[in-house]
Amino acid sequence: MKHAPLAWPGRGGAFLLDASIVAGAALLLASALVGAEPRTDAEPNPLGELTGGATTVYADGRNAFSLPAANLTDEERTRFVIGNSFFKRNWVEAPASTRARDGLGPHFIARSCGGCHVQDGRGAPPDLRRRLGPASTPKQPSASASTASAAASAPNSEAVLAEVPASPTGLRGDEHDQPVALLMRLSVPGRGTHGGPKPEPVYGEALSNAAITGVRPEGRITLHYSAVHGRFADGTPYALQRPHYGLEDLAYGPLAAGTMTSPRIAPQLIGVGLLEAIADEDIERNARKQAAAKGPVKGRPNRVWDAFAQAERIGRYGWKANVASLAHQTAAAFVGDIGITSRQFPDETCSAAQTDCLSAPRGAGAGRQSKPATPEHLPIATGRSAPSGSAGAREGEPASRVSRPSAAHGMAAAAESAAPVEIDDRTLGDVVFYQATLAPPARRNASDPQVLRGQRLFADAQCAACHRPSYVTTAPPFPRLSSPALQNQRIWPYTDLLLHDMGEGLADGRPDFAAGGRQWRTPPLWGIGLIAGVNGHDRLLHDGRARGVLEAILWHGGEARASRDRVLTMSRAERDALVRFVESL
């Protein structure tokens, strides 16, 4: 396949990209594309092997989640590489000579998007055993089909497995025992802007456990686990891990009374642009079909405010479907997780009580966009109608916090319509485009007899009632932030994108727009069997508590309880086949 040279297109002198960045990204992309050519024949695809239709790549290993859609044009591949650079390279503190990438913080969780989504993959809770050492952390058996029998020697049902010790340096949030890919959401009772969660008045929507020089990290997350024991119908025991979170060393005083918390793990990013191209009508049809069917499964869409559409839309990202578009998700994560402001979210997340945050320097990028972006670089919504209902990234819209002044090196805004921000529209658009065009890898072993048996068991257990296998994509909401290559594709994500009551065992008790404290969005299953190869772990669910597919199933309750109970009655061979099928997706 022919690829265009990786040239930086003209940007009106906005800023220059270091040639080494483009060269390095080009080399990585070229090496990763080996063996990842698209399927070009017209054979039928009854088993969903072409997970993303013509966008699908054939890949596994470390780079399996980091490849561009197979059907992109050469020009789009160049844009993909540029977006990749700004997604994965660290932002730095201001002032800095790296003017295109300064403005980190003042508070932050990660220094780059790739800091949470390593290799565009899934995050995990802190590696407690590595931190504490094998002598002080008894290994707890998982409920994987191959190791469940080891649970016979497990300790009592509430035994503490491991705990993050206090940081030896006190408040510094960049210690290695602090999570990067795990975000702690905060809110207080009531409704915030546009009907979303009401932020904690001092610490906002999420705790930032790191900060730039001269600013205090907001606090520290602690975590320990207790064991939850059970048995399959055949007598095989299992042990699950129940996480217990806490917040310590809070730098700006105690949390407000009634503060609710919710841990969230960074998910893998393959196919996120294809999910955005699923029609609203298909999601609403999923809800109507479930409402009309017998049984407990009654999902419903979340309806959330989108800063780019300036309208309420159906949520499809985030663990509670609390974000409607990839553009909103990206811009909100930039400011909430890294401290990088954009035109949509121009204010740093500093509260009035955080005086050190308010007085911190601002990035040189704040002066880069001296006039409004030209129309061809702004997102234009499609004719997709906004869903009805009351008006209202990692995930969600950042809280409206106090805007801090620019540092002396920063430039004042040239116009009200172009407030000084640290990432300009075009760069932000390239990062959105990069994520939108990340390809889902093809299924593996789809015709293997064990996998086919697992597929039948998946259907028999009614798992597909929520994990709907397939859709045909339409136009994305903001075509200039995506690619036409994603349209009219038969895709196999295995999700209905609806909220479901998952029972008290998984409840966080925290509402999020229309989502209740026991409700979670059905996560897509594509690529789940490749997480170990990409990220070196198999931690699943919203907080990473599950060690593998079978444990994730065993945590299901509420609307999914009957499906879980069906799995509990399966034989060892059936459980193995079910896991093998899910890991083939």
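The structure under discussion appears in the preceding block.
Cut-offs used in this document
Residues numbered from 1 in each chain as written. Predicted model: local features only at pLDDT ≥ 70, side-chain atom pairs only at ≥ 80, totals over all residues. Heavy atoms only, no water. Helix = DSSP H or I, 4+ residues; strand = E, 2+ residues; numbered from the N terminus. Buried < 20%, exposed > 50% of the residue type's maximum accessible area, 1.4 Å probe, protein only. Salt bridge = Lys/Arg side-chain N within 4 Å of Asp/Glu carboxyl O. Expected span 1.5 Å × (residues − 1). Arc of directions from axis to C-beta. Contact = heavy atoms within 4.5 Å.

Student: An account of the overall build of the protein is needed here, citing residue identities and associated values.
Tutor: Of the regular secondary structure elements, the protein holds 14 helices and 16 strands. Across the 585 residues in the protein, those meeting the buried criterion constitute 59%.

Student: Can you break down the pattern of salt bridges residue by residue, with the values?
Tutor: The final tally for this structure, using the stated rule, is 23 salt bridges. Its salt-bridge partner being Arg575, residue Asp234 comes within 3.2 Å of it at the nearest N-O pair. Using a relative accessible area of 0% as the deciding quantity, one classes Arg575 as buried. Between Arg564 and Asp565 there is a salt bridge, with the nearest N and O atoms lying 3.1 Å from each other. Taking relative accessible area as the criterion, Asp565 reaches 31% and is therefore assigned partly exposed. One network of salt bridges, in which partners are shared, links Arg264, Lys320, Asp508, Arg510 and Asp512.

Student: Pulling in residues and values, what's your account of helix H10 (residues 449-460)?
Tutor: For H10, built from twelve residues, the straight-helix expectation of 16 Å at 1.5 Å per residue is met to within 8% by its first-to-last C-alpha distance of 17 Å. Residues of H10 that are buried: Val451, Gly454, Leu457 and Phe458. Looking straight down H10, one finds that the buried residues subtend no more than 115 degrees of arc, so they occupy a single side. The exposed set on the far side of H10, more than 90 degrees from its buried face, consists of Pro449, Arg456 and Asp460. Buried residues along H10 sit against helix H13 (561-568) and helix H14 (572-584). Just beyond H10, the residue with positive phi is Gln462, at close to 65 degrees.

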